[in-house]
Amino acid sequence: MDNKKLLPYVLMFAAILLLAVDVRIPVKAYPAFEPFVTEAPETVDLVVNHVIGHNLMLDLFSDILGYILLTASCIMLGPGNKHFFRQLPWIAVSLGFYLCQHLMPFSLNGGMRFRAGYLLYFISGILQVLLLMRSMLHVCDSLETTENHSFNNLSIIFMIISCFAGVVAVLVWFYNLRWIALIYFVIQLIFLGIFWYRIWVNRRILTEEKTAG
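A.B. asks: I tried to follow the overall build of the protein on my own but got confused; where do I start?
C.D. replies: Looking only at helices and strands, the protein features 9 helices and 2 strands. Along its sequence from the N terminus, the protein presents helices and strands in the succession α-β-α-β-α-α-α-α-α-α-α. In terms of overall dimensions, the protein has a C-alpha envelope of 65 × 30 × 25 Å along the principal axes. Taken across its 213 residues, the protein has 43% of its residues classed as buried. Expressed as a percentage of contacts within the protein between residues at least 6 apart in sequence, the contacts between residues at least 24 apart total 82%. Of the roughly 11500 Å² that the protein leaves accessible, carbon and sulfur atoms contribute 69%. Averaged over its 14 positive side-chain charges, the protein has a centre that lies 6 Å from the centre of its 13 negative ones.

Spelled out as structure tokens, the structure:
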């Protein structure tokens, strides 16, 4: 078994885990929110106080490190599958939206903070899930053989279920339904674990030389 050839997949697994799991602590307060006249005060309160919050949060499972590891993984896998190279611009875009989402309150306030926070939450969250989904699909491409076609398709189904649960968790958490979001987050991790276990079962295929695609 060539462990060096497995390294980029290990890095990708670590990246996905870092991006999926959030444990945050406050590190710096945002400028105080400036209220504005609105016909939807409850929505503004939800976005400003729950979605955006009042502090820049440090993620103990660093998303930035996750993006770095995912980038490294795609660069290492790119020569064997050009689809991984095509992931790099999307990683940059997703990272850009992630940084904008968390740094935006330092430069925007009032109605602009509310509107930007509303949009950036959904764009950043869903884009991140889709990025991880595409990365795992490309891993499945590397596993595809005539002999394990059915096994590989089932792995893809588990991965799609995991990503769908992740999208639902993002949507539900927006409305401050913490327990429901937690349930979907656990479902996401369970099916993600099943997916990566199945990848590990087929790890021999990942170490075989393949023609660059």
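A.B. asks: Can you help me understand the packing of aromatic side chains in this one?
C.D. replies: Geometry of an aromatic ring pair is reported as the spacing of the ring centres plus the angle between the planes. If you walk through the whole model with that rule in mind, you get 15 aromatic pairs. Measuring from ring centre to ring centre gives 6.1 Å for Tyr67 and Tyr98, while their planes differ by 55°; the resulting arrangement is tilted. Of this pair, Tyr67 sits in helix α3 (residues 63–77) while Tyr98 is found in helix α5 (residues 87–103), placing the two residues 31 residues apart along the sequence. In this structure Tyr67 comes out as buried when scored by relative accessible area, which is 1%. A relative accessible area of 8% means that Tyr98 is categorised as buried. The interplanar angle of 80° and the centroid separation of 5.3 Å between the aromatic rings of Tyr121 and Phe122 together place this pair among those described as edge-to-face. On the basis of relative accessible area, Phe122 is assigned to the buried category, the value being 19%. Taken together, the ring pairs connect Phe33, Phe36, Phe114, Tyr118, Tyr121, Phe122, Trp173, Phe174 and Tyr175 into an aromatic cluster. Lying across the ring of Phe151, Arg198 places its NZ or CZ 3.8 Å from the centre.

A.B. asks: Hey, could you run me through the pattern of salt bridges in this one?
C.D. replies: Where charged atoms from two side chains of opposite charge approach closely, those side chains can pair. Applying the stated rule across the entire model yields 1 salt bridge. Across the salt bridge formed by Arg24 and Asp22, the nearest N and O atoms sit 3.6 Å from each other. Since its relative accessible area comes to 37%, Arg24 is described here as partly exposed. Residue class for Asp22 comes out partly exposed when judged on its relative accessible area of 39%.

A.B. asks: Explanation requested: the state of the cysteines in the structure shown.
C.D. replies: In a disulfide, the sulfur atoms of two cysteines are held together by a covalent bond. Within the structure shown, the criterion is met by 0 disulfides. Cysteine Cys74 remains unbridged, with the sulfur of Cys140 as its closest cysteine sulfur at 14 Å. The class of Cys74 is buried, set by a relative accessible area of 0%. On the accessibility criterion, Cys140 (1% relative accessible area) is buried.

A.B. asks: For this particular structure, what's the right way to read the packing of helix α7 (residues 149–174) against helix α8 (residues 178–201)?
C.D. replies: How two helices sit against one another is set out by the angle between their axes and by the gap between those axes. As a packed pair, α7 and α8 sit with axes 8 Å apart at the nearest point and diverge in direction by 160°. The angle between α7 and α8 places the two elements in the roughly antiparallel class. Judged by the sense of rotation from one axis to the other, the crossing of α7 with α8 is left-handed. Partitioning the contact of α7 with α8 into residue classes produces 20 nonpolar, 4 polar and 2 charged.

A.B. asks: Please clarify how the packing of helix α2 (residues 41–52) against helix α6 (residues 110–143) should be interpreted in this entry.
C.D. replies: Look at α2 against α6: their axes get within 10 Å of each other, and the N-to-C directions meet at 65°. Of the two elements, α2 crosses α6, and the hand of that crossing is left-handed. On α6, the residues touching Thr43, Val44, Val47, Val48, Val51 and Ile52 of α2 are Arg113, Phe114, Gly117, Tyr118 and Tyr121. Grouping the amino acids of the contact of α2 with α6 by side-chain chemistry returns 8 nonpolar, 2 polar and 1 charged.

Calculation criteria
The residue count restarts for each chain, going from 1 along the sequence in the order it is written. The model is predicted, so local features are restricted to residues of pLDDT at least 70 and side-chain atom pairs to those at 80 or more, both for listing and for counting; the totals for chains, interfaces and linings are taken over all residues. Where side-chain values are given, they derive from all heavy atoms of the structure, hydrogens and water being excluded. Numbering of helices and strands runs from the N terminus; a helix is a DSSP stretch of H or I covering at least four residues, while a strand is a stretch of E covering at least two. Relative accessibility under 20% of the residue-type maximum defines a buried residue, over 50% an exposed one, and the middle range a partly exposed one, all with a 1.4 Å probe and only protein chains included. By definition in these notes, contact holds between two residues if any of their heavy atoms fall within 4.5 Å. Only the protein chains shown count as covering a residue, and every accessible area follows the Shrake-Rupley method with a 1.4 Å probe. Lys and Arg are tallied as positive, Asp and Glu as negative. Neither His nor the chain termini are counted. Here the site of a charge means NZ on Lys, CZ on Arg, CG on Asp, or CD on Glu. A pair of aromatic rings is counted whenever rings of Phe, Tyr or Trp (Trp by its six-membered ring) have centres within 6.5 Å, and the orientation is called stacked for planes under 30 degrees apart, edge-to-face for over 60 and tilted otherwise. Charge-over-ring placement is defined geometrically: NZ (Lys) or CZ (Arg) within 6 Å of the ring centre, and within 35 degrees of the ring normal. Salt bridges are identified by distance alone: a Lys or Arg side-chain nitrogen within 4 Å of an Asp or Glu carboxyl oxygen. Here, the term disulfide refers to a pair of cysteine sulfur atoms separated by no more than 2.5 Å. Helix axes are fitted only over the stretch in contact, all axes being lines through C-alpha atoms; the angle between N-to-C directions runs from 0 to 180 degrees. Geometric relationships in this document are graded by angle, where less than 35 degrees denotes roughly parallel, more than 145 denotes roughly antiparallel, 65 to 115 denotes roughly perpendicular, and other angles denote oblique. Crossings are classed by handedness, with left-handed meaning an anticlockwise turn of the near helix from the far one by less than a right angle and right-handed meaning a clockwise turn. Put simply, Ala, Val, Leu, Ile, Met, Phe, Trp, Tyr, Cys and Pro go in the nonpolar bin, Asp, Glu, Lys and Arg in the charged bin, and everything else, Gly too, in the polar bin.

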